[in-house]
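Fold and geometry: a report
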Amino acid sequence: MRIEELKTPCYVIDEKQLKKNLSILQKVEKDTGCKILLAQKAFSCFYEYPLIGQYISGTTASGLFEARLGKEEMGKENHVFAPAYKEEDVKELVKICDHMVFNSFSQLEKYKNFCKETSVGIRINPECSTQGDHAIYDPCAKGSRLGVTIAHFKEQFTDEMYDYVDGLHFHTLCEQNADDLAKTLEAVEEKFGSYLYKMKWLNFGGGHHITRADYDIGLLEKCILHMKEKYDLDIYLEPGEAIALNAGYLATTVMDVVDNDIQTLILDASAACHMPDVLEMPYRPPLRSSGMPEEKKYTYRLSSYTCLAGDIIGDYSFDEEKKVDDRLYFEDMAIYSMVKNNTFNGIPLPDIAVMDESGECKVIRSFSYEDFKGRLS
Ligand SMILES: *Cc1c(COP(=O)(O)O)cnc(C)c1O
């Protein structure tokens, strides 16, 4: 089946682009000896886990469910970080995770005795904000609950803890280049450097946009090798976005055209239901064969058939007039889409399809009324 023949709405995973991204990441592993893990919270399309596992070292999770998925479907190195854990979850997690990262010394003390076979780490907050415009994604913002600051680390870390704490973890970047990583590492070294000599590993977290065209891979590799060699550490990176960047589309169909001062296309896809980051981040998603408003001859506002007035995807222009039953393709829709969608308004969930390197598409999952009803009672 070709992409034009898929029933809409439908997410389409582009395996050609996915493999291109994975080859870049695999080369970083080969060049530096670091380990790269898929952060499943961005992309949990487990159909592709066997493929992803051929290129990178494993998975990381935000809690028990993702950790189980990584174990079941990829079965390679499996890590977990959560701001807090429940005891019943920890009992399961230690059986399926190689690394467990704690967000505080109280969580560490509570659960350290469960972690006999699991390597334990502490998440630190290097207090080095590098992202200006996305405050909700900045774990270094003042008062952040994510990670231990050096002031608290000094108070609470004791030498005996080297017996059971193997590593440190930081995650402070979001869609950033290697210069921001270099800057963050300077802060990490300045504040936590003296502890790193006695650790076994350091995890650089996610947010590295490694597979973006302008990403400075040379500088990333320099950063990894510097930390690895100076402190004799195993280095981990856990990107989410970079794995499936630009590796998916959301196919949608025009259901109606409403002309009320502004021409609005009513689509069978929704920002609120199927692309929540469009409203949450917020951002204007790329759309195939379109321009900025007024750039091309016909400008439209793209919206949905939900009842939310603000369910607006953005304003776009086209060379041709748009009509009912025309199809549109949103781009870069593999990441933070399927993992975040919902059935608000009883809107159906998009199917999931994969497109192979020849452009041939296959639906791997479709959803129905039962999926809407099944999570309500
Ligand atoms: C979100 C997150 C990631 C992945 O981030 P991306 O921006 O998708 O690369 C990795 N690690 C942790 C702890 C996270 O919270």
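Residues numbered from 1 in each chain as written. Predicted model: local features only at pLDDT ≥ 70, side-chain atom pairs only at ≥ 80, totals over all residues. Heavy atoms only, no water.

Examining the domain arrangement of the chain
- Examined at the domain level, the chain breaks down into domain 1 (3-11 + 248-333 + 341-374) and domain 2 (33-243).
- Of note, the centres of domain 1 and domain 2, computed from C-alpha atoms alone, are 34 Å apart.
- Contacts between the two partners involve six residues from domain 1 and, on the opposite side, seven residues from domain 2.
- When residues of domain 1 are sorted by the area they lose upon contact with domain 2, M281, V354 and I364 head the list and together hold 73% of the total.
- The interface formed by domain 1 and domain 2 contains zero salt bridges.
- Sorting the residues of the side of domain 1 that touches domain 2 by element identifies α11 (276-280) and β16 (361-365) as the ones contributing at least two each. (Domains from an automatic or database assignment. Contact = heavy atoms within 4.5 Å. Buried area = accessible area lost by both parts, 1.4 Å probe. Salt bridge = Lys/Arg side-chain N within 4 Å of Asp/Glu carboxyl O. Helix = DSSP H or I, 4+ residues; strand = E, 2+ residues; numbered from the N terminus.)

Things to note about the site of the ligand
- The immediate surroundings of the ligand are formed by 13 residues, with K41, G207, E238, G240 and Y336 found nearest.
- Between an oxygen atom of the ligand and a side-chain N or O atom of Y336, the distance comes to 2.6 Å.
- Within the complex, the protein chains bury 88% of what would otherwise be the 380 Å² of accessible surface of the ligand.
- Its residues assigned to classes, the shell around the ligand comprises four nonpolar, five polar and four charged. (Near = heavy atom within 4 Å. Polar contact = N/O pair within 3.5 Å; in protein donor to acceptor, adjacent residues only side chain to side chain. Areas by Shrake-Rupley, 256 points an atom, 1.4 Å probe, with all protein chains shown as cover. Nonpolar A, V, L, I, M, F, W, Y, C, P; charged D, E, K, R; others polar.)

With respect to the pattern of salt bridges
- Applying the stated criterion across every chain, the model contains 17 salt bridges.
- Ionic pairing is found between E280 and K340, a salt bridge with its closest N-O pair at 3.0 Å. Here K340 lies in the loop between β14 (327-331) and β15 (351-355) and E280 lies in helix α11, a separation of 60 residues in the sequence.
- Given the relative accessible area of 42%, E280 is considered partly exposed.
- The partly exposed category is assigned to K340, whose relative accessible area is 27%.
- Its salt-bridge partner being D319, residue K296 comes within 3.4 Å of it at the nearest N-O pair. Of this pair, K296 sits in the loop between α11 and β12 (298-304) while D319 sits in the loop between β13 (312-318) and β14, placing them 23 residues apart in sequence.
- Each member of the salt-bridge network shares a partner with another, and the members are D277, E280 and K340. (Buried < 20%, exposed > 50% of the residue type's maximum accessible area, 1.4 Å probe, protein only.)

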